[in-house]
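Architecture and fold: a report
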Amino acid sequence: MPVRAGRVLALQANFCRVRLDLPGPGGETDLLCTRRTRLGKSGQAICVGDRVTVDGIHWPDGRGAVAGLEPRHSLLMRPAVANVDRVVVVVALREPELDPLQLTRFLITAEATGRPVQLVFTKADLHAPEAVAAWTGRARGWGYPVRAISIRSGQGLEDLRSFLAVPGIAVLCGPSGVGKSSLLNALLPSLALRTEAVSGRLRRGRHTTRHVELFALAGAGGEALLADSPGFNRPELPADPHALALAFPELRRVLAASPCRFRNCRHQGDPGCAIGTDWDRSDLYGQCLAELEARSGGGRVRSPASGLRRRGDRLEPLLDPRLRRSSRRRLRQQGEDGDGVVAELSPPGQAD
Ligand SMILES: Nc1nc2c(ncn2[C@@H]2O[C@H](COP(=O)(O)OP(=O)(O)OP(=O)(O)O)[C@@H](O)[C@H]2O)c(=O)[nH]1
Ligand SMILES: [Mg+2]
Ligand SMILES: [Zn+2]
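All values reported here derive from a predicted model rather than from experimental measurement. (Residues numbered from 1 in each chain as written. Chains lettered and ligands numbered in written order. Predicted model: local features only at pLDDT ≥ 70, side-chain atom pairs only at ≥ 80, totals over all residues. Heavy atoms only, no water.)

Bringing the overall build of the chain into the picture now. Looking only at helices and strands, one finds 11 helices and 15 strands in the chain. Classification of the 352 residues of the chain by burial places 48% in the buried group. Considering only residue pairs separated by 6 or more positions, the chain has 63% of its internal contacts joining residues 24 or more positions apart. Accessible surface for the chain amounts to roughly 17,200 Å². Of this, 51% is attributable to carbon and sulfur atoms. (Helix = DSSP H or I, 4+ residues; strand = E, 2+ residues; numbered from the N terminus. Buried < 20%, exposed > 50% of the residue type's maximum accessible area, 1.4 Å probe, protein only. Contact = heavy atoms within 4.5 Å. Areas by Shrake-Rupley, 256 points an atom, 1.4 Å probe, with all protein chains shown as cover.)

Put into structure tokens, the structure is as follows:
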């Protein structure tokens, strides 16, 4: 029985469409495949982007069955795409109005893949050139490669093509109605993906695209696969505040050069924190952090300011109620690398 390797391009109802690495005897490139039940039993869900092996091939009607799933090197959770090489966050400058908090939430989700993140601003024709330049400048300051385009005026489209035509899988993700499918149609006119005008007072999208699908864009030195995806409005935040800080490249940069002296720091301008609040997305970061704190009941994400007190020009820990009976000597023994809450809140060398 012939077995072929390929990549899942789309999931359609109970089928996966698999692009074969090598064409079939009649030049077939894609097969519509069912999933072998043993895949389901082992808890392995197939995602778009997965590398799979296919058997049970019946060439005349282009059918087969996915029999094996290869390990993934990355995974974007929403939209669900495996083996992502880059994430391209797409937002409109207008219609719907650019919402920096929503954009930041998309960027955070994209950062969770550990892969490079790029940013595309669409509908540049609806904004003054200075405003477009201001947004691209801001996003560059955060650390993102960014392009501004318009499918109406054609602005930036050729540049975008070379920006995206890099071998590997790039996922376009963003809110509904920002023009993700329109952008793919502009780059690959033969696609003719369905698009729909935004509606209502907020000029929101209408959730036109309903499933994730990979499309090939010829690139230099290999094939670029671009995923169109259904827009959504409110990406989830990571549960862990430390992961949140690391999802801001501008914070990551500063922390890599000079780590904050407080472990578990919220980096919210607390005395002695390496970060402070004098950076562009400080408020947005604060809003995300506040949401995490609200979710965890307010008590678990702790601030050094709430765990330290000032004595002269020194900071020293306020004791956690659970540790109140600890002697100062024991605290000293724990040192800065101790395992207690107090040690976590202690700036090096100032614990006592
Ligand atoms: N003025 C202007 N309108 C655009 C531009 N790009 C897309 N649009 C319009 O925006 C609307 C929404 O575009 P879509 O491509 O359907 O948006 P989408 O991001 O794919 O939306 P979902 O599939 O719902 O996630 C359509 O009416 C497009 O014609 C642009 O550059 N300028
Ligand atoms: Mg779409
Ligand atoms: Zn800090």
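So, next bit.
Take the pairing of strand β5 (residues 63-69) next. Of all 7 residues that make up β5, 6 are buried, and the element is covered over most of its length. One ladder, built from 4 bridges, connects strand β3 (residues 30-35) with β5; its direction is parallel. Paired with Thr34 across the bridge in β5 is Ala65. With 5 bridges connecting them, strand β4 (residues 51-58) and β5 associate as antiparallel partners. Looking at the pairing, Val54 lines up with Val66 of β5. (Pairing = 2+ DSSP bridges.)

With that out of the way, let us pick up the site of ligand 1. Around ligand 1 there are 22 residues in total, and Asp125, Arg152, Ser176, Ser182 and Thr209 lie nearest to it. Gly231 has a polar backbone atom sitting 2.8 Å from an oxygen atom of ligand 1. Contact with the protein chains covers 94% of the free accessible surface of ligand 1, which is 660 Å². Placement of ligand 1 is best described as lying within the second largest pocket. (Near = heavy atom within 4 Å. Polar contact = N/O pair within 3.5 Å; in protein donor to acceptor, adjacent residues only side chain to side chain. 1 Å grid on protein atoms, 1.4 Å probe; cavity = no way out; pocket = protein on both sides within 12 Å on 5 of 7 lines; lining within 4 Å. Sits in = over half its atoms within 2 Å of the grid points.)

Each pair of donors in an ideal octahedron of six around a metal sits at 90 or 180 degrees, and each pair in an ideal tetrahedron of four sits at 109.5 degrees. For the zinc ion (ligand 3), the full set of protein donor atoms is Cys260 (SG), Cys265 (SG), His267 (ND1) and Cys273 (SG), at a range of 2.2 to 2.3 Å. Taken together, the 4 donor atoms coordinating the zinc ion (ligand 3) and their angles of 101 to 116 degrees define a geometry best described as tetrahedral. Counting along the primary sequence, the residues that act as donors to the zinc ion (ligand 3) give the motif C-x4-C-x1-H-x5-C. Just as Cys260 is buried, Cys265 falls in that class too. (Donors = N, O, S within 2.8 Å, 3.2 Å for Na, K, Ca; no water. Tetrahedral: all angles 85-135°; square planar, octahedral: opposite > 155°, others 65-115°.)

What follows deals with the coordination of the magnesium ion (ligand 2). Binding of the magnesium ion (ligand 2) to the protein goes through Ser181 (OG) and Thr209 (OG1), at separations of 2.0 to 2.1 Å. With a gap of 28 residues between them, Ser181 in helix α5 (residues 180-187) and Thr209 in the loop between α5 and β12 (213-219) connect regions that are remote in the sequence. Assigned by exposure class, Ser181 and Thr209 land together as buried.

Here we take up the layout of surface pockets. Here the second largest pocket defines a volume of roughly 500 Å³. Taken together, 27 residues line the second largest pocket, and the ones lying closest to its centre are Lys123, Gly177, Val178, Gly179 and Ser182. The dominant element in the lining of the second largest pocket, judged by the number of residues it contributes, is α5, at 3 residues. For the lining of the second largest pocket, the per-class residue count stands at 6 nonpolar, 13 polar and 8 charged. (Points joined across faces, edges and corners; volume = space filled by probe spheres on them. Nonpolar A, V, L, I, M, F, W, Y, C, P; charged D, E, K, R; others polar.)

The next subject is unusual backbone geometry. In this model, Arg78 is joined to Pro79 through a cis peptide bond whose omega is -5 degrees. With respect to the element layout, Pro79 can be found in the loop between β6 (75-76) and β7 (81-82). Omega for the peptide link from Glu95 to Pro96 comes to 0 degrees, which places this bond in the cis form. Mapped onto the secondary structure, Pro96 falls in the loop between β8 (86-92) and α2 (100-111). For Lys123, which is not a glycine, the phi torsion comes out positive at approximately 60 degrees. As for its placement among the helices and strands, Lys123 is situated in the loop between β9 (117-122) and α3 (129-142).

This brings us to the pattern of salt bridges. Close approach of charged atoms lets side chains of opposite charge pair. Tallied over the full model, the rule gives 18 salt bridges. We note a salt bridge from Glu196 to Arg206, for which the minimum N-O separation is 2.9 Å. One end of the pair, Glu196, is in the loop between α5 and β12; the other, Arg206, is in the loop between α5 and β12, and 10 residues separate them in sequence. For the salt bridge of Arg295 with Glu291, the shortest nitrogen-to-oxygen distance reads 4.0 Å. Of this pair, Arg295 and Glu291 both sit in helix α8 (residues 282-295), 4 residues apart, which is roughly one turn of that helix. Members of the salt-bridge network, linked through shared partners, are Arg17, Arg19, Asp30 and Glu213. (Salt bridge = Lys/Arg side-chain N within 4 Å of Asp/Glu carboxyl O.)

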